[in-house]
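One letter stands for each residue in the lines below.
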Amino acid sequence: MNTPRFSTNKRSDFSKTLRSRVNAYFKANNISKHANNSMIAKTVFMLFVFLFPLILINTGWIHHGILLFILYIVSGFGMAGIGMGIMHDAIHGSYSRNRRVNKYLGYTMNLIGANATVWKIQHNILHHTYTNIQQADDDINVPFFLRFSPHARKHRIQKFQHIYVWFFYSISTLLWITAKDFVRLHRYKKMGFLDRKGEYSGELLKLICWKLLYYSYALILPLILVPLAPWIIILAFLGMHLVTGLCVSSVFQVAHIMPATDYPEADNEGIIENDWCMHQLATTSNFSPESRFFSWLIGGLNYQVEHHLLPQVCHIHYRKVSHIVMQTAQEYGLPYHIKKTFIAAIADHVRMLKHLGKHEIKSVKSA
């Protein structure tokens, strides 16, 4: 495992000032950094959107293929909402100050067919610590036909990645619920993350049991109970995941694989030039800050800068906190990357993918 260290020579007072101001904001407004009533209502809503269509499907009352597809796709949006707006905060420990609440809400990741343990290592540890660092950030460690970093190996097929990447974004959650979690759990064991006695075997057993539960109510029971041809049910199930995968992957990737963001490399001693906070600002981008409804739908992930700097704060507060972060970054002369709309962010993401896919790498500037 490549584990670079961040510079202590360039450590600024930015982090100390930012945390002081954010803490003062919550204290002055007498509010918690964790979930509020709005977040609790959102949690109930997203769980309902995911589970209720599946309950209807499993009653056996669905006799029309179009209605089956609609219910599965609605459930797919609920699945995306759980992934971006419930489990994400819970596994970061920002949903509640109570660790047990975070633990059980984190299991909603397992409920939708993935695995909370694998996600915590991949996302919380590797991605949040080593954002955009080749071989260290597991979010940009992708198969050879994709290239998410200018320091990754080049292949001719990558020339077209800006076109075919959307297919792989769409099937991303299908990979999670089938092979990816097993592969990564084993790899993380080899990396030393599951080194306590019996920890790996215990996590593997839980992973298998959760996936059996998921497949039982999401696919096997519908195949038994729904009076439609099996291939229609399977296609509807796949449609659900195509929707979820495209939503989740698009939102996460446009926050980092952008022309404006950096891809730092460690020096010969394994040191990254910036300190950790400066690194997060350089490698992360916000988008669509004016759309409150869109932000609500995607779990505040349009405020990725705030999330990376303050992962212990529930996303329901990011919009208000973002003004503090932006002002503080400007005062310290640090970058604060932001795109006005999600469409603009997608366009820049495509440009960056196209740029990375070229055999010869040249500079690229955001429009």
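Before reading on, note that the structure itself is shown above.
All of the points below concern the structure found in this document. Computed from a prediction, not measured in an experiment: that's the story for all the values here. (Residues numbered from 1 in each chain as written. Predicted model: local features only at pLDDT ≥ 70, side-chain atom pairs only at ≥ 80, totals over all residues. Heavy atoms only, no water.)

So, on to the overall build of the chain. A count of helical and extended segments in the chain gives 16 helices and four strands. Across its three principal directions, the C-alpha atoms of the chain cover 65 × 55 × 50 Å. Within the chain, counting contacts between residues at least 6 apart in sequence, those at least 24 apart form 71% of the total. Of the charged side chains in the chain, 38 are positive and 20 negative, and the gap between their average positions amounts to 5 Å. (Helix = DSSP H or I, 4+ residues; strand = E, 2+ residues; numbered from the N terminus. Contact = heavy atoms within 4.5 Å. Lys, Arg positive; Asp, Glu negative; His and termini not counted. Charge placed at Lys NZ, Arg CZ, Asp CG, Glu CD.)

Let us now look at the environment of Ser149. Relative to the elements of secondary structure, Ser149 occurs in the loop between α7 (116-129) and α8 (161-170). Judged by relative accessible area, Ser149 falls into the buried class, the value being 0%. With 126 residues separating them along the chain, Ser149 and Asn23 place their C-alpha atoms 35 Å apart. Ser149 has contacts with Gln134, Ile140, Tyr263 and Leu356, leaving out every residue within four places of it along the chain. (Buried < 20%, exposed > 50% of the residue type's maximum accessible area, 1.4 Å probe, protein only.)

What follows concerns the environment of Ala236. Considering the arrangement of structural elements, one finds Ala236 in helix α11 (residues 230-253). Under the relative-accessibility criterion, Ala236 is labelled buried at 0%. Put simply, Ala236 and Phe342 are 106 residues apart on the chain and 28 Å apart in space, counted from C-alpha to C-alpha. Apart from residues no more than four positions distant in its own chain, Ala236 is found in contact with Leu68, Phe69 and Tyr72.

Moving on, we get to the pattern of salt bridges. This model, assessed by the stated rule, comprises eight salt bridges. With its nearest N and O atoms 3.9 Å apart, the salt bridge here joins Arg184 to Asp138. Taken as a pair, Arg184 in helix α9 (residues 172-190) and Asp138 in the loop between α7 and α8 lie far apart in primary sequence, 46 residues in all. Here Asp138 falls in the buried class, since its relative accessible area comes to 2%. The partner of Lys206 in a salt bridge is Glu203, and the shortest N-O contact between them spans 3.3 Å. Of this pair, Lys206 and Glu203 both sit in helix α10 (residues 199-225), three residues apart, which is roughly one turn of that helix. Residue class for Glu203 comes out buried when judged on its relative accessible area of 13%. Here the salt bridges do not stand alone but share partners, grouping Asp138, Arg184 and Arg187 into one network. (Salt bridge = Lys/Arg side-chain N within 4 Å of Asp/Glu carboxyl O.)

Take the nonpolar core next. Ranked by internal contacts, the top residues of the largest apolar core, which has 53 residues, are Phe50, Leu68, Tyr72, Met109, Tyr214 and Phe237. Ranked by the residues each element gives to this core, the list is headed by α11, at eight residues. Residues contacting Tyr214, with those up to four places away along its chain left out, are Phe50, Met79, Leu111, Ile112, Gly113, Ile177, Leu219, Phe237, Met240 and His241. Within the second largest apolar cluster, 20 residues are counted, among which are Cys277, Leu281, Tyr303 and Val325. (Core = buried A, V, L, I, M, F, W, Y, C linked by side-chain atoms within 4.5 Å.)

This paragraph deals with the side chain of His241. Turning to its location among the elements, His241 is positioned in helix α11. Engagement of the side chain of His241 in a polar contact is seen with the side chain of Thr173, the distance being 2.9 Å. The contact partners of His241, leaving out residues within four places of it in the chain, are Met79, Ser170, Thr173, Leu174, Ile177 and Tyr214. (Polar contact = N/O pair within 3.5 Å; in protein donor to acceptor, adjacent residues only side chain to side chain.)

Every α-helical turn comprises 3.6 residues, leaving residues that sit three or four positions apart pointing alike. For α8, the full list of buried residues reads Gln161, His162, Tyr164, Val165, Tyr169 and Ser170. Residues of α8 that are buried sit in contact with α9, α11 and α16 (342-357).

Once that is clear, we can look at the packing of α9 against α10. Across the interface, α9 lies against α10 with an axial gap of 11 Å and an inter-helix angle of 175°. With respect to each other, α9 and α10 are oriented roughly antiparallel. Taken together, the residues of α10 that come into contact with α9 (itself represented by Trp176, Ile177, Thr178, Asp181, Phe182, Leu185, His186 and Lys189) are Tyr200, Glu203, Leu204, Leu207, Ile208, Lys211, Tyr214 and Tyr215. Among the residues forming the contact of α9 with α10, the class breakdown is 10 nonpolar, two polar and four charged. (Axes fitted to C-alpha atoms, helices over the stretch in contact; angles between N-to-C directions. Parallel < 35°, antiparallel > 145°, perpendicular 65-115°, else oblique. Nonpolar A, V, L, I, M, F, W, Y, C, P; charged D, E, K, R; others polar.)

Nonpolar side chains collect at one region of the surface, where Ile220, Leu221, Leu223, Ile224, Leu225, Trp231, Ile234, Leu235 and Leu238 lie side by side and expose about 780 Å² of accessible area between them. Counting only elements with at least two residues in the nonpolar patch, the list comes to α10 and α11. At five residues, α10 tops the list of elements feeding residues into the nonpolar patch. Assignment of secondary structure puts Leu225 in helix α10. (Patch = residues over 30% accessible without salt bridge, like charges linked within 9 Å, V, L, I, M, F, W, Y side chains within 5 Å. Areas by Shrake-Rupley, 256 points an atom, 1.4 Å probe, with all protein chains shown as cover.)

Turning our eyes to something else, we now look at the packing of helix α3 (residues 65-85) against α11. At a minimum axis separation of 8 Å, α3 and α11 run at an interaxial angle of 30°. One finds that α3 runs roughly parallel with respect to α11. The interaxial crossing formed by α3 with α11 has right-handed handedness. When grouped by side-chain class, the residues that make up the contact of α3 with α11 number 19 nonpolar, six polar and no charged. (Left-handed = near helix turned anticlockwise from the far one by under 90°.)

The subject of this paragraph is the packing of aromatic side chains. All chains considered together, the criterion is met by 23 aromatic pairs. Residues Phe14 and Tyr332 carry aromatic rings whose centres are separated by 6.1 Å and whose planes lie at 80° to one another, so their mutual orientation is edge-to-face. On the criterion of sequence distance, the pair formed by Phe14 in helix α1 (residues 14-28) and Tyr332 in the loop between α15 (318-331) and β4 (337-339) is long-range, its members being 318 residues apart. One aromatic cluster is present, formed by Phe50, Tyr72, Tyr214, Tyr215, Tyr217 and Phe237 through successive ring pairs. (Phe/Tyr/Trp six-rings, centres within 6.5 Å; stacked < 30°, edge-to-face > 60°.)

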